Amino acid sequence: DAAVEEAKQLREKLEEAQASGPQGEDAKDLAALRQGLEASEAQAKEAAARHAELKTQLDEARASLESAKTAGQSADAALAAELAAELAKVKAALAEARDSRVEDAAEAAAKLKQAEDRAAAAEAAAKPEEKGVGGAGLAEAGTQTDAGSTVQVALTELPATLDVSDSGAVTALLGFLKGKLADAQVQYDGLDLLFEVQTQAMGEGGVEEDAVVVGAFQHVLAVFETHASKQSLLLKASKLMAGLLSFASLLPASALERAVTTTTAASAAFLASPPTPPDPTAKDGPDTPAAAEDLTMWLLSVLSGLLRAPAVKHTLTGESPVEQRVMEEVLRPAAGPAVLGKVAQCVQLLPQTPRLQKFALESGLVAALVSAGGKRRDKKGEGKEKSEASAELGPALRFLFGGNAELAVRALQRGVVSEASSTLVLLEVVMAVAASDTSTFRRLHELEATKTLLELLRKHSDPYLSDSATVPQDTLEILRQSARLVSGILASSPEVLLDCMHRYQNSIVLQRLAVRVARDRQHLQLQLRVNHATNGSLQFFMQALLQLLPQQESSQVSNGERVFALLDDPALPSDSWPYVLDTLQFFQQVLVHFRAVSCVASPDDRATPEEELVALGLVDSLVELLQRAETKEAPPPPEVTKAAKDTLGSLFQRNGHICLFTMEHYYDLELVVSQGCECIMDDPLRAYPDLQRQAVTLLATSYHRAVAGGKRALQSLVLQCIGVLFDASLELSGFFLGAEEQSPFAGAAENQEQQFVLCAQACSSIAHLTHIPSSQASTARNAMKILTQLAVKAQGAAVSRNGDPPRSRKEEDFVVSVLAAMVELCRNDNFAEPYLVPEVREVLAQAPEADGDPTSALFRLMECYRHADRVAQKCDPLLSLLLE
């Protein structure tokens, strides 16, 4: 009767809605509602008939109990069998209904609820009669009023004609379960059925109504909130909710947000206190402990699905309470790598904010993820480079550190990440940030990331420095990424590069990288060499050269070379020589730049780069290189030898003192002497007479050594250099010819021929003079006097041989050169009062047995060298000048 009355009321509401004049789709819905209400009235009548049936069934139940007592059967078994039969009827009824409207389902649920209440009341009213009629046996059976009997009786109220995929059937089942929300056993049994029905209906595509999905989701959520401590029940509810989340777009935002809060709380509880392991002997029920890992993973899976829902996702702004709660309660270290994998999935569904990244690092979640990934890799064996753990760990770490190079560096510095694959992920994160913003490299330097990266290079290369070791791909990538990041830091500014070279001056790896960066970055190199006086670049590059050179002294391969061999990068060769070459070229460029600047501006009072480099010991290093090239003991490549010679030449050209000092100190090194000769020939030191005298004396000694050593090429070069010096200065030629130690007629006999050659070279230079300025008149007169004295000495030497020919042609050449020089000087006697010829007369007149007659001395000279026509030819012009 109540159902009929309710139908009448709904009809009145329908008529009022029709009176408001619905249009379009609303009119269609109202028409459908009208049809549904007519059906509801029919169902209400059926419900009345059904009620009568139920009363009859209760009478039959009493009879069955009495029969059970007589037969000695268990009341529990009978009720269980009856419950199974009724559940089968419900399933058959649910299988028949499919296309009813949501409104019909709601009507049916209300009617069934009323029927359930009436059935319960009837059962309660019948129990006293059972006690009285059935005696002890009925009383015993009546005491078992457990949840199973309640489910059985209530489910018999479901229409037996409903189809499984009928939305009304699902709604009816939800209505029943909601009415028994506080009963854990009812929910435990009912969720099984709801899960089966819901899964089958979803698979067939039959359940599409919003209200059905929403109702199911809200009921499962209510189960979560009501039975938070029932582990097995929560496990079933989690599985059902995970399935319902495939319809997340149909669910209201408020329900989803509430579910996030509830699931987060449940997940946090079981993450903090893992559930008790399941007991195989325990009876199946809502209070049975569930498997710890299964429950936690299902809870986290549900949370992941909720966070993916669009209605929840758009509320995650980076500072919402939902995010804060998830961060604080779920994003924490957990037991088991599988659970941590689910936590990692949840992490990636939150907005990527610095707060989240910092929290994950400080809470220990990052360390736990890395540790779990390493354990899972170990379990999978050593043969796989990319394990499942790595696949899960990589995206999580990239998310946690993405866009935050500073945080990634701090994680590396704290040692949170030690496993190769996770270390590589962090390095890739830092590289990605730096690639998009080059100022990141400066910040990395401030964080002392260089030290961390160098430590990574050492740590990951040490186990593989032996020739037979095979390097894993992850380790190779770590080495390469670390080297690239260090290079990027060094290239960020000249100050950073020099600071790192100073801080890590004992690191051969960093020195190599710094030298190579300075070579490849032209703008950086320009700043280094332009400001060398203030930034100290020469000192730091000199330290680098000293670090590189000792590696060449041993035949064994150094660790630095092995590290770079592991990198296998053409831009970073393993051999040390290319880096030595880069350093020498830097020095050359500094010297060239300074020379160019000096041409247009006066240098200040500070030390020149040549002086600074010499003080730093560059000359010694260059000489060491040249010695190795000359001795052929592990010689450097030709390009390095050439660079060393060119650098030494640049030093010599800018500073004669350096040149002469080096030649004197390393007189026995042919390459040094050769380089010095070439530099002197380019600049014969015209402005430095004292240096010219020192140079010619030094070169004369070198010439004697070259002759003694049989080094013909060096002899020729030294003699040529001496000639250039003599050509540059008449005074120098006179000085050399007048020096007693250089006289061919004094000193050791074995050096006499070399002295003839050297003096002849000086005389030839005088003979080639085309003009003598008046300022050098006294110099010319002194030179003429010295030449005339040499001619007299030559005559005396010939007389001592009793007219025999000279011992060598070099003596003859020398005499001819002396006479030729005297003739040319007399011909260049263009001064206001010629006085060169009188000087000749004076000296010749004082010759032995000349008796004051200058021509007599010349005649005697011609007679002594009567075998040499060239001597006579040179004496004739002098005789003519003397007889004028």
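Quick caveat: nothing in here was measured; it's all calculated off a predicted structure.

(A) The overall build of the protein chain, seen in detail. Secondary structure summary: the protein chain contains 43 helices and zero strands in total. Across the 884 residues that make up the protein chain, the buried fraction comes to 50%. Taking all contacts inside the protein chain whose residues are at least 6 apart in sequence as the whole, residues at least 24 apart take part in 76%. Accessible surface, the protein chain: about 40,400 Å² in total, of which carbon and sulfur atoms supply 51%.

(B) Examining the environment of S439 more closely. Structurally, the position occupied by S439 is in the loop between α19 (420–436) and α20 (440–446). Sequence separation between S439 and I489 is 50 residues, and the spatial gap between their C-alpha atoms is 9.5 Å. There is a polar contact of 2.7 Å between the side chain of S439 and the side chain of D437.

(C) The state of the cysteines, seen in detail. On inspection of all chains with the given rule, the structure shows zero disulfides. A disulfide-free cysteine, C659 has its sulfur positioned 5.6 Å from the sulfur of C679, the nearest such atom. C659 sits in the buried class, given a relative accessible area of 2%.

(D) Here's a closer look at helix α42 (residues 854–864). Restricting attention to buried positions, one finds in α42 the residues P854, T855, S856, A857, L858, L861 and C864. Here the buried face of α42 lies against α39 (777–800), α40 (809–827), α41 (836–845) and α43 (869–883).

(E) Structural detail: unusual backbone geometry. Within the chain, D568 stands out as a residue other than glycine whose phi angle is a positive 55°. For D568, the location among the structural elements is in the loop between α28 (559–567) and α29 (577–600). For L685, which is not glycine, the phi torsion reads 60° and is therefore positive. With respect to the element layout, L685 can be found in the loop between α34 (670–682) and α35 (689–708). Look at L685 and you get buried, because its relative accessible area is 7%.

(F) Structural detail: the side chain of T647. Following the sequence through the fold, T647 ends up in helix α32 (residues 638–654). Filtering out sequence-adjacent residues up to four positions away, T647 remains in contact with L584, F587, Q588, L591, L618 and L622.

(G) Region of interest: the pattern of salt bridges. Under the defined criterion, the tally for this structure stands at 17 salt bridges. Residues R503 and D499 are paired through a salt bridge, measuring 3.1 Å at the closest nitrogen-oxygen approach. Residue R503 and its partner D499 are located together in helix α23 (residues 494–503), separated by four residues, close to a single helical turn. R503 sits in the partly exposed class, given a relative accessible area of 42%. Residue classification places D499 among the partly exposed positions, given a relative accessible area of 24%. The residue R519 makes a salt bridge to D520 at a minimum N-O spacing of 2.7 Å. Using a relative accessible area of 33% as the deciding quantity, one classes R519 as partly exposed. A relative accessible area of 38% means that D520 is categorised as partly exposed. Put simply, E406, R410, R443 and E446 are held in one network by salt bridges that share partners.

(H) Region of interest: the nonpolar core. Counting 243 residues, the largest nonpolar core has F217, V366, F401, L497, F541, L584 and F587 as its most contacted members. Per-element tally for this core: the top contributor is α40, with 11 residues. F217 has contacts with M241, L244, L245, L251, A255, L256, A259 and L306, leaving out every residue within four places of it along the chain.

(I) Region of interest: the packing of helix α31 (residues 618–631) against α32. Contact geometry of α31 with α32 gives a least axis separation of 9 Å together with a crossing angle of 140°. When the axes of α31 and α32 are compared, the pair comes out oblique. In this structure, α31 meets α32 at a crossing whose hand is left-handed. Packed against α31, whose contacting residues are L618, V619, L622, L625, L626 and A629, the element α32 presents V640, T641, A644, K645, T647, L648 and L651 at the interface. Partitioning the contact of α31 with α32 into residue classes produces 10 nonpolar, two polar and one charged.

(J) Spotlight on the packing of aromatic side chains. For the structure on display, the rule yields five aromatic pairs. Summarising the aromatic geometry, the rings of F541 and F586 are spaced 4.1 Å apart at their centres and angled 20° between planes, so their arrangement reads as stacked. Within this pair, whereas F541 is found in helix α27 (residues 537–548), its partner F586 is found in helix α29, the two being separated by 45 residues in sequence. For the ring pair F564 and Y579, a centre distance of 5.9 Å and an interplane angle of 65° mean the geometry is edge-to-face. Placement of F564 in helix α28 and of Y579 in helix α29 is noted, with a sequence separation of 15 residues between them. The same class applies to F564 and to Y579, which are both buried.

(K) Examining the environment of R414 more closely. Mapped onto the secondary structure, R414 falls in helix α18 (residues 405–414). It is 9.7 Å that separates the C-alpha atoms of R414 and T452, two residues lying 38 residues apart in sequence. Setting aside residues up to four positions removed in sequence, R414 forms contacts with L361 and E362.

(L) Examining the confidence of the model for the protein chain more closely. Taken residue by residue, the protein chain gives an average pLDDT of 76. The fraction at 70 or more is 72%. Residue range residues 72–76 is modelled with pLDDT below 50. Its contacts to residues more than four positions away, or to other chains, number four contacts. Ignoring residues within four places in sequence, the model shows residues 125–164, a span with pLDDT below 50, making 86 contacts including any to other chains.

(M) Representation of the environment of L769 within the structure. Tracing the backbone shows L769 in the loop between α38 (752–767) and α39. Sequence separation of L769 and L730 is 39 residues, and the distance between their C-alpha atoms is 8.6 Å. Leave out the neighbours within four places in its chain, and L769 touches L730 and N828.

(N) Representation of the packing of α42 against α43. It is the contact of α42 with α43, at a shortest axis distance of 10 Å, that shows an interaxial angle of 170°. When the axes of α42 and α43 are compared, the pair comes out roughly antiparallel. Only A872, C875, D876, L878, L879, L882 and L883 of α43 make contact with α42, whose side of the interface consists of P854, T855, L858, F859, L861 and M862. Partitioning the contact of α42 with α43 into residue classes produces 11 nonpolar, one polar and one charged.

Basis of the calculations
Residues numbered from 1 in each chain as written. Predicted model: local features only at pLDDT ≥ 70, side-chain atom pairs only at ≥ 80, totals over all residues. Heavy atoms only, no water. Helix = DSSP H or I, 4+ residues; strand = E, 2+ residues; numbered from the N terminus. Buried < 20%, exposed > 50% of the residue type's maximum accessible area, 1.4 Å probe, protein only. Contact = heavy atoms within 4.5 Å. Areas by Shrake-Rupley, 256 points an atom, 1.4 Å probe, with all protein chains shown as cover. Polar contact = N/O pair within 3.5 Å; in protein donor to acceptor, adjacent residues only side chain to side chain. Disulfide = S-S within 2.5 Å. Salt bridge = Lys/Arg side-chain N within 4 Å of Asp/Glu carboxyl O. Core = buried A, V, L, I, M, F, W, Y, C linked by side-chain atoms within 4.5 Å. Axes fitted to C-alpha atoms, helices over the stretch in contact; angles between N-to-C directions. Parallel < 35°, antiparallel > 145°, perpendicular 65-115°, else oblique. Left-handed = near helix turned anticlockwise from the far one by under 90°. Nonpolar A, V, L, I, M, F, W, Y, C, P; charged D, E, K, R; others polar. Phe/Tyr/Trp six-rings, centres within 6.5 Å; stacked < 30°, edge-to-face > 60°. pLDDT = per-residue confidence, 0-100.

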